[in-house]
Amino acid sequence: YRPIITQISRWDRLKGFQPLLEGFVHLKRRLKKGDIADERHRRRLEIARLVLAGPDPASIQDDPEGREVFDKLRESFRALDPDIRKDVVVLSLPMHSRKENELMVNALQRCATIVVQNSLREGFGLTATEAMWKGVPILGTEACGLRQQIRDGIDGRLNPNPEDPEQVATFLDEMLANVPARERWSRNAQKRVHTEFLVFAQIHRWLRLLANCAEPRTGSARPAAQSQTPPTPI
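A brief structural summary. Remember, it's a predicted structure, so these values are computed and weren't measured experimentally.

### Observations concerning the nonpolar core
So, point 1. Core analysis: the biggest nonpolar cluster contains 31 residues, and Leu-50 and Leu-172 have the highest contact counts within it.
So, point 2. Where this core is concerned, the elements lending two or more residues are α1 (17-33), β2 (49-55), α3 (64-78), β4 (114-116), α8 (165-177) and α9 (179-196).
So, point 3. Ranked by residue count, the leading element in this core is α1, at seven residues.
So, point 4. In this structure, Leu-172 is in contact with Ile-5, Leu-20, Leu-27, Ile-114, Val-116 and Leu-139, ignoring residues within four places of it in sequence.
So, point 5. Formed by 10 residues, the second largest nonpolar core is a distinct cluster that contains Val-115, Leu-158, Ala-189 and Val-193.

This is how it looks when you write it as structure tokens:
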């Protein structure tokens, strides 16, 4: 029953792992300040966990930055206070078997209370869509692709400033506190994927486009050019 906040992405600076980790630390430290009046929510934050997961950097030879980002994240993890570090997991997923990797990603997403995609830049966020399809509330950002997928306040939440740990902590706090809203976002997110992002929706759009191209164009025909009598030679 422990709330789990999860992000699964490549180890890339633009995925916003570091601000998310720092935001989770800010969230935990709010408890020590006594700012949380609701006892049930206080307990919820006390036992919340953060899972940061990505592919084993050693298995991706053409991504040297991935190893650098992963190592920096591990250093930040080791530097945490022990009482916070026990609630954080930095997980390197093995890549020797695609099937096993997909099963692990699936399990992490389905066990999550909130799936985060704290990207500074993002195209179509596949991990976000997968979580939406599985009925998990999403905290995304206003990166180009994510704001096309997630409607703020309808399918989840969108953080306009993913590099600000305090802002990240505020969104996580509000989402964890509002259980009815999380349930509503989950249902809406799953429905949105069903109607917009499955292959059937793509086929429908292609057929509609082809049908529009095949329709005869309406409107008045262009006027015929007036015939001119050639000049009489001199």
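### A closer look at the pattern of salt bridges
So, point 1. Tallied over the full model, the rule gives 17 salt bridges.
So, point 2. Close ionic contact of Glu-46 with Arg-43 constitutes a salt bridge, the shortest N to O distance being 3.3 Å. Here Glu-46 and its partner Arg-43 are both found in helix α2 (residues 39-46), three residues apart, which amounts to about one turn of the helix.
So, point 3. Take Glu-46: its relative accessible area is 35%, and that puts it in the partly exposed class.
So, point 4. One continuous salt-bridge network, built from bridges that share partners, spans Arg-2, Lys-28, Lys-86 and Asp-87.

### Points about the packing of aromatic side chains
So, point 1. Tallied over the entire structure, the rule returns three aromatic pairs.
So, point 2. Plain terms: the ring middles of Trp-11 and Phe-17 are 4.9 Å apart, the flat faces sit at 35° to each other, and that makes the pair tilted.
So, point 3. Seen from their ring centres, Trp-11 and Phe-70 are 4.9 Å apart, and the 50° between their planes marks the pair as tilted. With Trp-11 in the loop between β1 (4-8) and α1 and Phe-70 in helix α3, this pair connects stretches of sequence that are 59 residues apart.
So, point 4. Residue classification places Trp-11 among the buried residues on the basis of a relative accessible area of 3%.
So, point 5. One aromatic cluster in this structure is built from Trp-11, Phe-17 and Phe-70.

### Side note on the sheet that holds strand β6 (residues 156-159)
So, point 1. Judged by pairing direction, the sheet is parallel, and its six strands sit side by side in the order β3-β2-β1-β4-β5-β6 without closing on themselves. Among the strands making up the open sheet, the edge pair consists of β3 (88-93) and β6. Pairwise comparison of adjacent strand axes, ignoring direction, gives a mean angle of 20° for this sheet.
So, point 2. With four bridges connecting them, strand β5 (residues 138-141) and β6 associate as parallel partners.

### Some remarks on the side chain of Lys-134
So, point 1. Positionally, Lys-134 belongs in the loop between α6 (126-133) and β5.
So, point 2. When sequence neighbours within four positions are dropped, the list of residues in contact with Lys-134 reads Asn-106, Gln-109, Arg-110 and Gln-190.

### So, the pairing of β2
The two faces of the sheet receive side chains in turn, since in a regular strand these alternate between them.
So, point 1. Summarising burial for β2: six of the seven residues are buried, a large majority.
So, point 2. Here β2 pairs with β3 via six bridges, running parallel. Each residue of the ladder has a partner; that of Leu-52, found in β3, is Val-90.

### A closer look at α8
So, point 1. Relative to the 18 Å expected for 13 residues at 1.5 Å per residue, α8 spans 18 Å between its end C-alpha atoms, a close match to the ideal helical length.
So, point 2. The N-cap of α8, judged by a side-chain oxygen 3.1 Å from the amide nitrogen of Glu-166 a few residues on, is Asp-164.

### Remarks on the pairing of β1
So, point 1. For β1, a buried count of four out of five residues is recorded, marking the element as mostly surrounded by other parts of the structure.
So, point 2. Relative to β2, β1 runs parallel, the two sharing five bridges. In the sheet register, Ile-5 faces β2, and the bridge partner there is Leu-50.
So, point 3. Relative to β4, β1 runs parallel, the two being bridged by two bridges.

### Here's the deal with the environment of Arg-121
So, point 1. Residue placement: Arg-121 occurs in the loop between β4 and α6.
So, point 2. The sequence separation of Arg-121 and Gly-145 amounts to 24 residues, and the corresponding C-alpha distance is 8.2 Å.
So, point 3. For Arg-121, the contacting residues outside a window of four places in its chain are Leu-14 and Ala-143.

### Examining the packing of α1 against α8
So, point 1. For the pair α1 and α8, the least separation of the axes is 7 Å and the interaxial angle reads 60°. Looking at the two axes, α1 sits oblique to α8. Judged by the sense of rotation from one axis to the other, the crossing of α1 with α8 is right-handed. Contacts between α1 and α8 involve Pro-19, Leu-20, Glu-22, Gly-23, His-26, Leu-27 and Arg-30 from the former and Pro-165, Glu-166, Val-168, Ala-169, Thr-170, Leu-172, Asp-173 and Leu-176 from the latter.
So, point 2. Of the residues in the contact of α1 with α8, the class split is eight nonpolar, three polar and four charged.

Calculation notes
Per-chain numbering applies: the sequence of each chain, read as written, is numbered from 1 onward. Totals for whole chains, interfaces and linings use every residue, but because this is a predicted model, local features are given only for residues with pLDDT of at least 70 and side-chain atom pairs only at 80 or more, for both listing and counting. Think of the side-chain values as coming from all heavy atoms in the structure, minus any hydrogens and water. In this text, buried Ala, Val, Leu, Ile, Met, Phe, Trp, Tyr and Cys residues form a nonpolar core when linked through side-chain atoms within 4.5 Å. Here the term buried applies to any residue with accessible area under 20% of the maximum for its type, exposed to any over 50%, and partly exposed to those in between, with areas from a 1.4 Å probe on protein chains only. Going along the chain from the N terminus, every DSSP run of H or I of four or more residues is numbered as a helix, and every run of E of two or more is numbered as a strand. What makes two residues a contact is simply this: any of their non-hydrogen atoms within 4.5 Å. Salt bridges are counted wherever a side-chain nitrogen of Lys or Arg sits within 4 Å of a carboxyl oxygen of Asp or Glu. Aromatic rings from Phe, Tyr and Trp, taking only the six-membered ring of Trp, are treated as a pair when their centres fall within 6.5 Å; an angle between ring planes under 30 degrees marks them as stacked, one over 60 as edge-to-face, and anything in between as tilted. Strand pairing is assigned whenever DSSP detects at least two bridges linking the two strands. Geometry is summarised by axes, namely lines fitted to C-alpha atoms with helices restricted to the contacting stretch, and by angles between N-to-C directions that run from 0 to 180 degrees. Helix span, as expected, comes to 1.5 Å for every residue beyond the first. Each polar contact in these results corresponds to two N or O atoms within 3.5 Å; when the atoms are within protein, one needs to be able to donate a hydrogen and the other to accept it, and residues that are neighboring in sequence are counted only if both atoms are side-chain atoms. Here the angle decides the label: under 35 degrees means roughly parallel, over 145 means roughly antiparallel, 65 to 115 means roughly perpendicular, and every other value means oblique. Handedness of a crossing follows from how the near helix is turned relative to the far one, being left-handed for an anticlockwise turn of less than a right angle and right-handed for a clockwise one. Put simply, Ala, Val, Leu, Ile, Met, Phe, Trp, Tyr, Cys and Pro go in the nonpolar bin, Asp, Glu, Lys and Arg in the charged bin, and everything else, Gly too, in the polar bin.

Read these as geometric descriptors, not functional statements.
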